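Okay, here's what each chain looks like letter by letter:
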Amino acid sequence: MLEWTGLSLGQVLATLGAFGAAVFVLYLLKLRRRPVEVPFVRLWHDVLAEQRTTRLFSSLKRILSLLLALSIVAMLAIALGDPRWIAGRDDGRTLVVLVDTSASMGATDVEGGRIEAARQAVRRRIAAMGADDRMIVASMGASTVPLGPIDGDPEVLEEALDRLEARDVAADLARGLGWALDVARGAPSAEIVIVSDGRLDAPGELVEARARESGVPVRWDRVGETETRNVAITAFAVRRYPIDKSRAQVLIELWNPGANAEEIELTLLGDSHEGEGVPLDVTTMRLGAGERATRLFENVTGADRTLEARIRLADGTQDDLAADDRAYARLPERRRARVLVVAEDDIYLEAALLLDEYLAVTHVTPAQFPPEGEFDVVIYESFVPPQPLDAPSIWLHPQPAAGVQGPLVVEGTIERPFFDRLERDHPLLAFTSLRDVNIAEALQVRVEPGDVVVGADARGPLLVTGTRNGRGFVALTFDPRRSDLPLRVAWPLLLLHAIDSFVEEASGHFSSYRTGEPWYVPVSPSATRATLIDDGSERPVPIVDGRAVATSERAGFHLLLTDGPDAEHLAVNLGPSGEAELAVAATMPIAGEPSDAPTIVDAPVRGEPWAWLVLIAFGVLAIEWVTFHRRWTV
């Protein structure tokens, strides 16, 4: 069955009718003979007699010439309609090609890069297609996007290949294979081809079962080398110090997945703008084969908004993947937090809060509770009000009065407890040492599901964090004034860590986001529209429940604009660290071993009908021209 991709069938028939009628009218016109005077008519009798005998043959030649002219007009009119087959024959193949466009496909270990190698692999598949074969090419990244229609035209497929490019994301094989199976369902002689380096996660049992039940063969075109050279930044985080917010602490994790040790140069840049920042620190380090190393930068100054980390090989050469040589982070905004203290006079508590110049502290006694105003954090010391304020809270010795419900259920007391167990990796305990704190007495409390016991005696919790009524809390189950904790450096740090965690949580701060994942960025309540600017392009993003929901497949600093007062710079890093592993896999999930070279199909010569029609029309014209001038048909 044919479809008309140029002029419609009606337009083709109209053209044929108009030009055919014109040709027919031209053939009705008789040739006007030129009068010639002759001296004696009898001399022409024999000539005129011969013409009368050939009149029938002349009429047949004119009819044949008319039919040739009409056939030429018909072929040209049909060629203008550009007819094409809607579907191939039953013996034609349907090729669904998934090209891996994850970050590892941006490696340059092969000539032209892996993406170019993938493009060449698909071109070989296109060259091997038969006249009735069809193909669709899709980009398989965090999502799977078809790059063109399903078609048998090599030019259309080449245009799709031109849109291939590597992204700063991991490829989702489960999603891509599921999409390919949907396309291949019911198609004649379907076949799925995955062009990849094989560094993909397994698609999962559900998709694998679908692939087996469908019976559609899955083949793998492998690209890349087994011996590569790459060093990657796999983690990058920054936070301000609780007491001095002009300084920051930076954590970097580096990974050398290669088989040889590498010397690298690591550079920290502050307040990057349009790719350029102020160098803050440059250091050289050595990473052994397969080694992961964590580097902590203390007291980093000179940056107020953003930080960027860059690495390069110390010998001046370039490793095989540039996408993981840079990482980005945004520093928390320095703003004054409103803190309410509900306590009797406690000079230790007041002194600890004075260390942070970005705290606006309001002090009230339990008799003055509740005060007017809004607060970011409330500290209750030996006082549990019947109705706490709707704000994150820090509870010190939360012993409720009779009939009042506190944040923790009190079941008794613990005499002379110690911090026998500490969650050392918890952010509350950063730079603190509580192991030898002396405590006179603590409350024996019962935690609720979801609470986290950060520090505890063998007999019960001493430091608990969790959520009540949608608000976070931190509770010390003992009275600090009946311990030596206020005399230690850990006391102000513990308080300021808790306050900072609540304030940053309320502001929705993230030092960085990951590519390929959805981000939920808090915006002004008055904002109704948001626009994300990344990689030089702008696109609108929705706002849901006061948060802009965005994502990107490019790492770097992006800008989020709203119709409100918000203009947020977002730091976005390459997602999973597995993309740094560049050595081509020996096997790939679902596809197994690499497939052989594409099968060359012994098929008829490929060509479009309109081209053949035009060639035939010119051929007929050429024959008529030759026969006319040779006077064979005159």
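Sequence order as written defines residue numbering, which begins from 1 separately in each chain. Two thresholds apply to this predicted model, a pLDDT of at least 70 for residue-level local features and 80 or more for giving and counting side-chain atom pairs, whereas whole-chain, interface and lining totals are computed over all residues. The basis for every side-chain value is the complete set of non-hydrogen atoms in the structure, without hydrogens or water.

**Q** Could you give me a rundown of the environment of Glu-441, with the residues and numbers involved?
**A** With respect to the element layout, Glu-441 can be found in strand 21 (residues 441–446). Setting aside anything within four residues of it in sequence, one finds Glu-441 in contact with Thr-413, Ile-414, Glu-415, Arg-416, Pro-417, Phe-478, Asp-479 and Arg-482. Helix and strand definitions follow DSSP, with helices as H or I runs of at least four residues and strands as E runs of at least two, each counted in order from the N terminus. In this description, contact between two residues means that some pair of their heavy atoms is separated by no more than 4.5 Å.

**Q** Give me the lowdown on unusual backbone geometry, citing residues and values where you can.
**A** Following Phe-369, the chain continues to Pro-370 via a peptide bond in cis, the omega torsion being 5°. Mapped onto the elements, Pro-370 comes out in the loop between strand 16 (359–364) and strand 17 (377–381). Of note in this structure, Ser-189 is not a glycine but carries a positive phi near 45°. Position of Ser-189 among the secondary structure elements: in the loop between helix 6 (173–184) and strand 6 (190–196).

**Q** Account for the environment of Gly-556, naming residues and giving values.
**A** Relative to the elements of secondary structure, Gly-556 occurs in strand 31 (residues 556–562). With 21 residues separating them along the chain, Gly-556 and Asp-535 place their C-alpha atoms 8.2 Å apart.

**Q** For the pattern of salt bridges, give the residues involved together with the corresponding values.
**A** The working definition used for a salt bridge is a side-chain nitrogen of Lys or Arg within 4 Å of a carboxyl oxygen of Asp or Glu. Tallied over the entire structure, the rule returns 36 salt bridges. Measuring nitrogen to oxygen at the nearest pair gives 2.7 Å for the salt bridge that ties Glu-411 to Arg-446. Of this pair, Glu-411 sits in strand 19 (residues 409–415) while Arg-446 sits in strand 21, and the two are 35 residues apart along the sequence. Buried, partly exposed and exposed residues are distinguished by accessible area as a fraction of the type maximum, computed with a 1.4 Å probe on protein chains only: under 20%, between the cut-offs, and over 50%, respectively. Since its relative accessible area comes to 49%, Glu-411 is described here as partly exposed. With relative accessibility at 44%, the residue Arg-446 sits in the partly exposed group. Each of the salt bridges in this network shares a partner with another, and the network as a whole consists of Glu-116, Arg-119, Arg-123 and Glu-158.

**Q** Which residues make up the sheet that holds strand 24 (residues 471–476), and what values go with them?
**A** DSSP bridges decide pairing: two strands pair if at least two such bridges lie between them. Read across the open sheet, the 8 strands follow the order 16-15-17-18-24-23-22-20; overall the sheet is mixed. Here the strands that pair on one side only, and so sit at the sheet edges, are strand 16 and strand 20 (421–422). Where strand 18 (residues 393–396) lies against strand 24, 4 bridges are found, and the strand directions are parallel. By the bridge assignment for strand 24, Trp-395 is matched with Ala-475. Only the stretch in contact is used when fitting a helix axis, every axis being a line fitted to C-alpha atoms; angles between N-to-C directions are given from 0 to 180 degrees. Contacts from helix 8 (residues 347–354) reach strand 15 (337–342), strand 16, strand 17 and strand 18, with the element oriented near 160° to strand 16.

**Q** Quick rundown of the nonpolar core? Include the residues and the values.
**A** Definition used in this section: a nonpolar core is a set of buried Ala, Val, Leu, Ile, Met, Phe, Trp, Tyr and Cys residues joined via side-chain atoms within 4.5 Å. Core analysis: the biggest nonpolar cluster contains 36 residues, and Ile-394, Phe-419 and Ile-499 have the highest contact counts within it. Listed by contribution, the elements that provide at least two residues to this core are strand 15, helix 8, strand 17, strand 18, strand 23 (460–468), strand 24 and helix 9 (490–507). A per-element tally of this core places helix 9 first, with 9 residues. With residues up to four places along the chain from it excluded, the contact list for Ile-499 reads Val-339, Leu-353, Leu-359, Val-377 and Ile-394. By size, the runner-up hydrophobic cluster in this structure holds 24 residues, among which are Ile-252, Leu-266, Ala-293 and Phe-297.

**Q** Residues and numbers for a nonpolar patch on the surface, please.
**A** On the surface, a cluster of nonpolar side chains totalling about 300 Å² of accessible area is made up of Leu-60, Ile-63 and Leu-67. Here Leu-67 lies in helix 3 (residues 55–81). Think of a patch as exposed residues, more than 30% relative accessible area, with no salt bridge, where like charges cluster within 9 Å and nonpolar side chains (Val, Leu, Ile, Met, Phe, Trp, Tyr) cluster within 5 Å. Only the protein chains shown count as cover for residues, and all accessible areas are computed by the Shrake-Rupley method using a 1.4 Å probe.

**Q** Could you give an account of the UniProt feature "transmembrane region" (unreviewed entry) in the protein, with specific residues and numbers?
**A** UniProt positions are given in the numbering used here, feature names are shortened, and annotations may be inferred rather than shown by experiment. Within the UniProt annotation, "transmembrane region" (unreviewed entry) is assigned to residues 12–29, 63–81 and 610–628. What you have in residues 12–29 is 94% helix and 0% strand, and the ends, taken at the C-alpha atoms, are 26 Å apart. What you have in residues 610–628 is 100% helix and 0% strand, and the ends, taken at the C-alpha atoms, are 27 Å apart.

**Q** Kindly report on the environment of Val-218, identifying the contributing residues and their values.
**A** Mapping Val-218 onto the fold places it in strand 7 (residues 218–222). Taking the relative accessible area as the measure of exposure, Val-218 reaches 16% and is therefore buried.

**Q** Mind laying out the packing of aromatic side chains, listing which residues take part and the relevant values?
**A** By convention, a stacked pair of Phe, Tyr or Trp rings (six-membered ring in the case of Trp) has centres within 6.5 Å and planes under 30 degrees apart, an edge-to-face pair has planes over 60 apart, and any other such pair is tilted. Using the criterion set out here, one finds 6 aromatic pairs in the structure. Look at Phe-419 and Phe-478: their rings are 6.2 Å apart centre to centre, the planes differ by 75°, and that puts the pair in the edge-to-face class. With Phe-419 in the loop between strand 19 and strand 20 and Phe-478 in the loop between strand 24 and helix 9, this residue pair connects regions lying 59 residues apart in the sequence. Taking the relative accessible area as the measure of exposure, Phe-478 reaches 0% and is therefore buried.

**Q** Account for the pairing of strand 22 (residues 452–457), naming residues and giving values.
**A** When you tally the buried positions in strand 22, you get 5 out of 6 residues, the bulk of the element. In this sheet, strand 22 lies alongside strand 20 in antiparallel orientation, the contact comprising 2 bridges. Its bridge partner being in strand 22, Leu-422 is matched across the sheet by Gly-455. Pairing of strand 22 with strand 23 involves 5 bridges; the strand directions are antiparallel. Among the inter-strand pairings, Val-452 is bridged to a residue of strand 23, identified as Thr-465. Hairpin connection, strand 22 to strand 23: the antiparallel pair is bridged by 2 residues.

**Q** Tell me about the sheet that holds strand 27 (residues 530–534), residues and numbers included.
**A** With respect to topology, 5 strands assemble into an open sheet ordered 25-32-31-27-28, the strand pairing being mixed. The open sheet has two edge strands with one neighbour each: strand 25 (513–514) and strand 28 (537–541). Relative to strand 32 (residues 567–573), strand 25 runs parallel, the two sharing 2 bridges. Considered in strand 32, the bridge of Arg-514 is made with Asn-573.

**Q** Quick one: what's the story with the packing of helix 6 against helix 7 (residues 205–214), residue by residue and with numbers?
**A** Interaxial distance between helix 6 and helix 7 falls to 10 Å at its minimum, and their mutual angle equals 25°. Relative to helix 7, helix 6 is oriented roughly parallel. For helix 6 against helix 7, the interelement crossing comes out left-handed. Of the residues in helix 7, those in contact with Ala-174, Leu-177, Gly-178, Leu-181 and Asp-182 of helix 6 are Val-207, Arg-210, Ala-211 and Ser-214. Note that Gly is not counted as nonpolar here; it falls among the polar residues with everything else outside the nonpolar set of Ala, Val, Leu, Ile, Met, Phe, Trp, Tyr, Cys and Pro and the charged set of Asp, Glu, Lys and Arg. Its residues placed into classes, the contact of helix 6 with helix 7 shows 5 nonpolar, 2 polar and 2 charged. Angle categories are assigned with fixed cut-offs, so that under 35 degrees is roughly parallel, over 145 is roughly antiparallel, 65 to 115 is roughly perpendicular, and the rest are oblique. Definitions for this section: a left-handed crossing has its near helix turned counterclockwise from the far helix by less than a right angle. A right-handed crossing has that turn clockwise.

**Q** Hey, could you go over helix 10 (residues 609–629) for me, with residue numbers and the actual values?
**A** A helix is expected to span 1.5 Å multiplied by its residue count minus one. For helix 10, which comprises 21 residues, the first-to-last C-alpha distance of 31 Å matches the rise-based estimate of 30 Å (1.5 Å per residue) to within 8%. Those residues of helix 10 that fall on the buried side of the exposure criterion are Leu-613, Ala-617, Val-620 and Thr-627. All buried residues of helix 10 fall inside an arc of 100° around its axis, so they share one side. Exposed residues pointing more than 90 degrees away from the buried face of helix 10 are listed as Leu-615, Phe-618 and Trp-625. This arc corresponds to the set of directions leading from the helix axis out to the C-beta atoms.

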